[in-house]
Amino acid sequence: MNIIYTDVLVVGGGLAGLRAAIGARRRGFEAVILSLVPPKRSHSAAAQGGMQASLGNAIKGEGDNEDVHFEDTVRGSDWGADQQVVRMFVNTAPKAVRELAAWGVPWNRVQRGDREVVINGQRVTITEKDAAHGLITARDFGGTKKWRTCYTSDGTGHAMLFAMSDQAIANSIPVHERTEAIALIHDGGRCFGAIVRNLVSGELVAYLARATVIATGGFGRVYRVTTNAVINEGMGAAIALETGVAALGNMEAVQFHPTGIFPAGILVTEGCRGDGGLLLDGDRHRFMPDYEPEKKELASRDVVSRRMEQHIRAGKGAKGRFGEHVWLDITILGRAHVEKNLREVKDICNYFLGVDPAVDLVPVRPAQHYSMGGVRTNHTGQSQTLKGLFACGEAACWDMHGFNRLGGNSVAETVVAGMIVGEFVADFCASPESDITISTGLVREFWERENARIDALINSTGTEDANVIKMRMQDLMTSNVGIFRTGDALKAAVDELQELLIKSRNIGLRYKVKASNPELVTAYRVQKMLKLALCVAYGALQRTESRGAHFREDYPQRNDRDWLKRTLATWPGEMDTLPTLNYEDLDILNMELPPGWRGYGAKDYIDHPDTAARQAQIEEIKNSLATADRFAIQNALMRFEHLLPERFQGRNERLGEILS
C-alpha cells in the first residue's frame, strides 16, 4: 500500500479547487490537487458569460453595491440561501475580480463616450463616463437590478482558469492528473484523506491529509441532456455521501439553463440575452414579455426555462426533425458584436448546428445546467458532521444559492469560495485538531475495501450492463425529475432508480483488467451516480411545494410555513436503496431580508408565521438609524463581517463611493 502525505488534499482541479489550494499554500501549507484531467481542461473553462461583482463602473451598473447584489441573490434563491454566506460572498466578489485582473485575466473594460447597445429589442445609445474609462466593465444578466457581470467576451471561464492554473504553478502546487478519489478515509467523525485510483495504471494509493477539500463541480451527467462536461458525474459529492456521516444539502434543487442548443444541449451563454438577444416561438413571436412583462428574457433562469417549456406545451414551439424548441435571435446584435463578444457562441452554432448566429436563428431548449445541492457545509466550508472535510464551488451546499442561482454567481462563487474556504482550511491546518491521528491499520482497511470492490467488479459473472443502467437513469431523471415535477412521476422515478441501484450490484464486465479500463470506471461510477440521482428524486418527492428551480405542478405554491428548510441527505447503510432525509430550518428572525414576493408571476405563496414579526423588527431598526450610513444599518440588521477571514474584511471602493 502506497501512502502519500500532505497538509491539504484538494479533490478537483477547476477554479474552486485551484483557488483553495493557492490560499492554503500561501499560508505555508503543502497542498496536492487531484484532477481527472489537466486543470486547464476542467469544466470551469466552459463558463462563458461572466462573473458577478458589484463594481459599479459601467453606466448601467451605476449605483450598484453589495446591498443590491445581496438582495438580487437572496430573491434569486427564492429565500433558500444562507443570508450570512451571501453577505460574505457579495463583499468578497469585487476583491476576487480585482485579484484576477492582477493575475492577468483580460477583463473587458469601459470605453468612455457613446456606444450603441440593444435593450428590450431596441438599439439605444448610452454614454460611459470619462472617469470610468479603462475600468472593468459589466454586461446585463438575468435576475439583477444592475449590469454587474464582468466578462472577457464569452470566454470568461477559459481566461480565469488559465490565469488561476498559472498561479498554482507559480506557487509550486503539484497536480496529480488522471487520478480519481473513490472513497474518503475517515473514522466516523474525522476525515483524513482519500483512497485514490490512478486512471491509467489502475493503482490504488492512500492520500493522508490534515484537511480534505471536495471541489469536483456538479453532477449534471445524471441527466441525459446537460450542459455539463462528461466528467461532471458528481463523484466528489458521492464519496462524501458514502461515508454515511457527511450530509448533502438541497439535492433536489437542480437548475436548467434556458439556452442549450437543440438537440445537443451544449450551452450558449446567458450573455446572448444579456447583450440583447430575444427568444422567439414557432411563429417568430417574442413570447417572454407575455409572461414576464418586466424582466422578459432576463428573468431568473428557472423562470425563463419554465416559461419556454410552458409555451412549447401550449403548441407554440418551433418544430424540427428532433422535436420542438424555440428560437434564440441574436441577429439584432450585428455581426461585429457577435464576432467580438460572442465568439464561442458563433463557433458552437457553426460546428454543432451548421448555422451562423449573426444571420440565423438558433434552436434552443432548456438543459440541465447546475446543481445547487452538494456537500452541506457551514460558512467556513467545512462539513457540519465530518470534521476535516471541506467543500467549495458547485460541489458544495455552502449555501449561497438556495433553490436557484443567478447567472454569473456560479463562476464568481468558485473563486470567492475558494478564497474564503482556502483561508479556513489553513486555519484548520494550523490548529492541533488537524493532527493526523488515524492508524495505518484503518487506512489499510479502506485501501483493501476499495481494492476488493474493484476486484469484485472485474471478476463478477453478473449480467447487467453498466452503460445500459446509466442511460436508463439519465432518461428517468430527464423525463421525471426535470423542470416540471409531479408526485406520480417522482414516485415512479424513485421506484425504478432503486431497482437500477440493485441491478448495479450485479454488473458484469467484458474487459477484465484494472488499468486503463473505461468500462470499469463506468461500472463503479454508475453505482455512485444512482445514489445521487435518488437523493435528487426522493428529495423532490418529499418536498411538497415549489421553490426556485424545484417546481411541483401538484404543489405550485412556495410554502414558507412548512418548507422554509434545507433538505439534508445521508446514506448510512451500504446496502440501503434510499437516502435518509432530515431537514434544517432557516431562521427568519435572523434574516436581513425576510421572505417576500420574488418578483415573478403572481404573489402566491404561503407565509411563514415569523415573517411579519421579523419585518417589523427590521422597520424599527431602520427607523432608529435613519441618519446612519448603509454599512451601519446593514450591520444592525445582520452581522457578517466577523465571519470572514480577516484578510477579506473591509469595504470595496467604487467611483461613487471612495474610501477615506
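Our structure is the block above this text.
Presented here is an overview of the structure given in this document. (Residues numbered from 1 in each chain as written. Predicted model: local features only at pLDDT ≥ 70, side-chain atom pairs only at ≥ 80, totals over all residues. Heavy atoms only, no water.)

Moving on, we come to the side chain of Asn228. Note on placement: Asn228 falls in the loop between strand S10 (204-214) and helix H5 (235-241). Among the residues examined, Asn228 registers a relative accessible area of 3% and is labelled buried. Side-chain polar atoms of Asn228 contact the backbone nitrogen of Gly220, separated by 2.9 Å. Polar side-chain contacts of Asn228 include one of 2.9 Å to the backbone oxygen of His369. Apart from residues lying up to four places away in sequence, Asn228 is in contact with His43, Gly218, Phe219, Gly220, Arg221, Gln368 and His369. (Helix = DSSP H or I, 4+ residues; strand = E, 2+ residues; numbered from the N terminus. Buried < 20%, exposed > 50% of the residue type's maximum accessible area, 1.4 Å probe, protein only. Polar contact = N/O pair within 3.5 Å; in protein donor to acceptor, adjacent residues only side chain to side chain. Contact = heavy atoms within 4.5 Å.)

It is worth spelling out the nonpolar core at this point. If you look at the biggest cluster of nonpolar residues, it comprises 86 residues, and the most contacted ones within it are Ile185, Ile195, Leu389, Met473, Met477 and Leu497. Apart from the residues within four sequence positions on either side, Leu389 is in contact with Leu184, Cys191, Thr212, Ile214, Ala240, Ala246, Val375, Gly381, Gln382 and Ser383. Ranked by size, the runner-up nonpolar core spans 71 residues in total, among them Val97, Cys150, Val425 and Leu564. (Core = buried A, V, L, I, M, F, W, Y, C linked by side-chain atoms within 4.5 Å.)

Further remarks concern the packing of aromatic side chains. Within the structure shown, the criterion is met by 5 aromatic pairs. Each ring, one from Phe287 and one from Tyr291, has its centre 6.4 Å from the other, and the planes form 80 degrees; the classification is edge-to-face. Since its relative accessible area comes to 0%, Phe287 is described here as buried. Taken together, a centroid distance of 5.3 Å and an interplanar angle of 75 degrees make the contact between Trp563 and Tyr583 edge-to-face. With a gap of 20 residues between them, Trp563 in helix H16 (residues 560-563) and Tyr583 in strand S22 (residues 580-585) connect regions that are remote in the sequence. Sitting over the ring of Phe70, Arg87 keeps its end group 4.4 Å from the ring centre. (Phe/Tyr/Trp six-rings, centres within 6.5 Å; stacked < 30°, edge-to-face > 60°. Lys NZ or Arg CZ within 6 Å of the ring centre and 35° of its normal.)

Moving on, we get to the packing of helix H13 (residues 466-480) against helix H15 (residues 518-542). Interaxial distance between H13 and H15 falls to 9 Å at its minimum, and their mutual angle equals 20 degrees. Considered as vectors, H13 and H15 are oriented roughly parallel to each other. Every pair of crossing elements has a handedness; the one defined by H13 and H15 is left-handed. Together, Ala466, Asn467, Ile469, Lys470, Met473 and Met477 of H13 and Thr522, Ala523, Val526, Met529, Leu530, Ala533 and Val536 of H15 make up the contact between the two elements. (Axes fitted to C-alpha atoms, helices over the stretch in contact; angles between N-to-C directions. Parallel < 35°, antiparallel > 145°, perpendicular 65-115°, else oblique. Left-handed = near helix turned anticlockwise from the far one by under 90°.)

Let us look at the pattern of salt bridges. The final tally for this structure, using the stated rule, is 64 salt bridges. For Arg335, the salt bridge is made with Asp356, and the minimal N-O distance between the two is 2.5 Å. Highlighted residues: Arg335 in helix H9 (residues 335-341) and Asp356 in the loop between helix H10 (343-353) and strand S16 (362-371), separated in sequence by 21 residues. The closest approach of N and O atoms between Lys491 and Asp495, which form a salt bridge, is 2.8 Å. Taken together, the residues span about one helical turn, with Lys491 and Asp495 both in helix H14 (residues 487-503) at a distance of 4 residues. Overall, Lys491 belongs to the partly exposed group, its relative accessible area being 42%. When its relative accessible area of 31% is taken as the criterion, Asp495 is described as partly exposed. Through salt bridges with shared partners, one network takes in Asp78, Glu252, Asp302, Arg306, Arg543, Glu545, Arg547, Arg558, Asp560 and Arg598. (Salt bridge = Lys/Arg side-chain N within 4 Å of Asp/Glu carboxyl O.)

Time to look at the state of the cysteines. Tallied over the entire structure, the rule returns 0 disulfides. Cysteine Cys150 is unpaired, with the sulfur of Cys272 as its nearest cysteine sulfur at 18 Å. Judged by relative accessible area, which is 1%, Cys150 ranks as buried. Left unpaired, Cys191 is separated from the closest cysteine sulfur, that of Cys429, by 12 Å. The exposure class of Cys191 is buried, given its relative accessible area of 0%. (Disulfide = S-S within 2.5 Å.)

Helix length check: helix H12 (residues 440-459), at 20 residues, gives a terminal C-alpha distance of 28 Å against a target of 28 Å (1.5 Å per residue), a fit within 8%. For H12, every residue scored as buried is listed here: Val443, Phe446, Trp447, Glu450, Asn451, Ile454, Leu457 and Ile458. Across the axial projection of H12, the buried residues extend over an arc of 125 degrees, all falling on one side. Opposite the packed face of H12, turned more than 90 degrees from it, sit the exposed residues Glu445 and Asn459. Elements in contact with the buried residues of H12: strand S1 (2-11), strand S8 (179-186), strand S9 (191-198), S10 and H15. (Expected span 1.5 Å × (residues − 1). Arc of directions from axis to C-beta.)

This part takes up the sheet that holds S22. Across the sheet, 5 strands lie side by side as S19-S17-S11-S21-S22; this open sheet has mixed pairing. The strands lining the two open edges of the sheet, one partner per strand, are strand S19 (396-397) and S22. Relative to S22, strand S21 (residues 565-570) runs antiparallel, the two sharing 6 bridges. Each residue of the ladder has a partner; that of Leu568, found in S22, is Asn582. Packing of H15 onto the sheet brings it into contact with strand S11 (248-249), S21 and S22, and relative to S22 it is tilted by some 60 degrees. (Pairing = 2+ DSSP bridges.)

Attention now moves to the environment of Thr414. Tracing the backbone through its elements, the reader meets Thr414 in helix H11 (residues 409-429). Among residues more than four places away in sequence, those in contact with Thr414 are Leu15 and Ala16.

The next subject is the pairing of strand S15 (residues 323-329). Put simply, side chains in a regular strand alternate between the two faces of the sheet. When you tally the buried positions in S15, you get 5 out of 7 residues, the bulk of the element. The sheet contact formed by strand S13 (residues 278-280) and S15 spans 3 bridges and is antiparallel. By the bridge assignment, Leu279 is partnered in S15 with Leu328. The sheet contact formed by strand S14 (residues 318-320) and S15 spans 3 bridges and is antiparallel. For Ala318, the partnering residue across the bridge sits in S15 and is His325. Here S14 folds back onto S15 in antiparallel fashion, the turn holding 2 residues.

Time to look at the side chain of Gln52. Here Gln52 is to be found in strand S3 (residues 51-52). Here Gln52 falls in the buried class, since its relative accessible area comes to 0%. Polar contacts involving the side chain of Gln52 include one to the side chain of Arg148, which spans 3.1 Å. There is a polar contact of 2.7 Å between the side chain of Gln52 and the backbone oxygen of Gly407. Gln52 has contacts with His69, Ala93, Phe141, Thr144, Arg148, Thr149, Leu406, Gly407, Gly408, Asn409 and Ala412, leaving out every residue within four places of it along the chain.

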